[in-house]
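Residue-level structure breakdown
Below are the chains, spelled out letter by letter.
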Amino acid sequence: MTGTRGYHHGDLPRALLDAAVEVISESGPAALSLRDLARRAGVSHAAPAHHFGDKAGLLTALATQGFDLLADALRGADDLLSAGVAYVEFAVGHRAHFDVMFRPDLYRSDAPEVRVARERAGAALRAGVAGLANRDGGPADPGRDALAAWSIVHGFATLWIAGALPPRVGDDPREAAQVVIRRLFE
């Protein structure tokens, strides 16, 4: 493309993913179109398809990026409480990624790069659960505990983002999440 609208950023796939985050943050994943992303990036309408194939390909890359970001956010957590808070902070801070990651109908969830990134994030969450004491007297079940912890923090994050929590919860997602996650220890 030539002229003042030509693309000169140097990393078009990254620019298109950034534009996708912007669109999804504004209007949700349903509003995303490759033609609009091309317009926002100042490239031909065929450029996004060249890099991602189609909308599902672009959303696959976005989901992969999201799971990698989540794994990085969870990696610094040294216990279940800090892992849960990191999860909520990720969801609030990377809302567009969060909106796509847990909607496998939007992307190719069986793509190898997504599976690797999703497993990396899952392993980081399971590491946070590893120190959780078994309180029901039965055999330890890290898989069950990880599912319970994930369900709680994911549910909290989803409710927070939707604005569905009561006002008494406050306006600080980190503080509110700590109160909820501590219930796992009682």
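Source: prediction; values computed, not measured.

1. Here's the deal with the overall build of the protein chain
Within the protein chain one finds nine helices and zero strands. Secondary structure elements in the protein chain, listed N-terminal to C-terminal, are α-α-α-α-α-α-α-α-α. When each of the 186 residues of the protein chain is scored for burial, the buried share is 41%. In the protein chain, 65% of the contacts between residues at least 6 apart in sequence involve partners at least 24 apart. When the accessible surface of the protein chain is split by element, carbon and sulfur atoms take 55% of a total near 10,000 Å².

2. Here we look at the packing of helix H5 (residues 80–93) against helix H8 (residues 142–162)
The description of two packed helices rests on the angle between their axes and on the distance between the axes. Following both chains from N to C, one finds H5 and H8 inclined at 35°, their axes separated by 9 Å at the closest point. You can see that H5 and H8 cross each other, and the crossing is right-handed. On the side of H5, the interface is formed by Leu-80, Gly-84, Tyr-87, Val-88, Ala-91 and Val-92, while H8 contributes Ala-149, Trp-150, Val-153, His-154, Phe-156, Ala-157, Trp-160 and Ile-161. Residues belonging to the contact of H5 with H8 are distributed by class as follows: twelve nonpolar, two polar and no charged.

3. Focus: the packing of aromatic side chains
Under the criterion given, the structure shown has five aromatic pairs. With centroids separated by 6.0 Å and ring planes inclined at 45°, the aromatic side chains of Phe-102 and Trp-150 adopt a geometry described as tilted. With Phe-102 in the loop between helix H6 (95–101) and helix H7 (112–129) and Trp-150 in helix H8, the pair connects residues that are 48 residues apart, well separated along the chain. Using a relative accessible area of 23% as the deciding quantity, one classes Phe-102 as partly exposed.

4. Quick notes on the pattern of salt bridges
Under the defined criterion, the tally for this structure stands at twelve salt bridges. Among the salt bridges present, the one from Glu-22 reaches Arg-40, with a minimum N-O distance of 2.6 Å. Note that Glu-22 is positioned in helix H1 (residues 12–27) and Arg-40 in helix H2 (residues 34–41), a separation of 18 residues in sequence. Residue classification places Glu-22 among the partly exposed residues on the basis of a relative accessible area of 41%. Take Arg-40: its relative accessible area is 31%, and that puts it in the partly exposed class. We note a salt bridge from Arg-120 to Asp-68, for which the minimum N-O separation is 3.1 Å. Placement of the pair is Arg-120 in helix H7 and Asp-68 in helix H4 (residues 55–75), with a sequence separation of 52 residues. The class of Arg-120 is partly exposed, set by a relative accessible area of 33%. You can call Asp-68 partly exposed: its relative accessible area is 29%. In this structure, a network of salt bridges that share partners links the residues Glu-22, Glu-26, Asp-36, Arg-39 and Arg-40.

5. Some thoughts on the confidence of the model for the protein chain
Scored by pLDDT, the protein chain comes out at a mean of 89, with 89% of its residues at no less than 70. Throughout residues 1–6 the model reports pLDDT below 50, and contacts reaching past four residues in sequence, or to other chains, amount to eight contacts.

About the criteria used
- Just so you know, the residues in each chain are numbered from 1, in the order the chain's sequence is written.
- Given that this is a predicted model, residues contribute local features only at a pLDDT of at least 70 and side-chain atom pairs are listed and counted only at 80 or more, while totals for whole chains, interfaces and linings are drawn from all residues.
- Water and hydrogen atoms were dropped before computing side-chain values, which therefore reflect all heavy atoms in the structure.
- Only DSSP runs of H or I reaching four residues or more are called helices, and only runs of E reaching two or more are called strands; each is numbered from the N terminus.
- Classification of residues uses two cut-offs on accessible area relative to the type maximum, computed with a 1.4 Å probe and protein chains only: under 20% is buried, over 50% is exposed, and between them is partly exposed.
- Contacts are assigned to residue pairs with any non-hydrogen atoms lying within 4.5 Å of each other.
- Residue exposure ignores everything except the shown protein chains as possible cover, and the areas themselves are Shrake-Rupley values with a 1.4 Å probe.
- Whenever a helix is involved, its axis is fitted only over the stretch in contact; in every case the axis is a line through C-alpha atoms, and angles between N-to-C directions fall within 0 to 180 degrees.
- Helix crossings get a hand from a simple test, with the near helix turned counterclockwise from the far one by less than a right angle marking a left-handed crossing and a clockwise turn marking a right-handed one.
- Each residue is assigned to one class: nonpolar for Ala, Val, Leu, Ile, Met, Phe, Trp, Tyr, Cys and Pro, charged for Asp, Glu, Lys and Arg, and polar for all the others, Gly among them.
- In summary, the pairing rule links any two rings of Phe, Tyr or Trp, Trp by its six-membered ring, whose centres are within 6.5 Å, and it sorts them by plane angle into stacked for under 30 degrees, edge-to-face for over 60 and tilted for everything else.
- Definition used for salt bridges: Asp or Glu carboxyl oxygen within 4 Å of a side-chain nitrogen of Lys or Arg.
- pLDDT measures how confident the predictor is about each residue, on a scale from 0 to 100.

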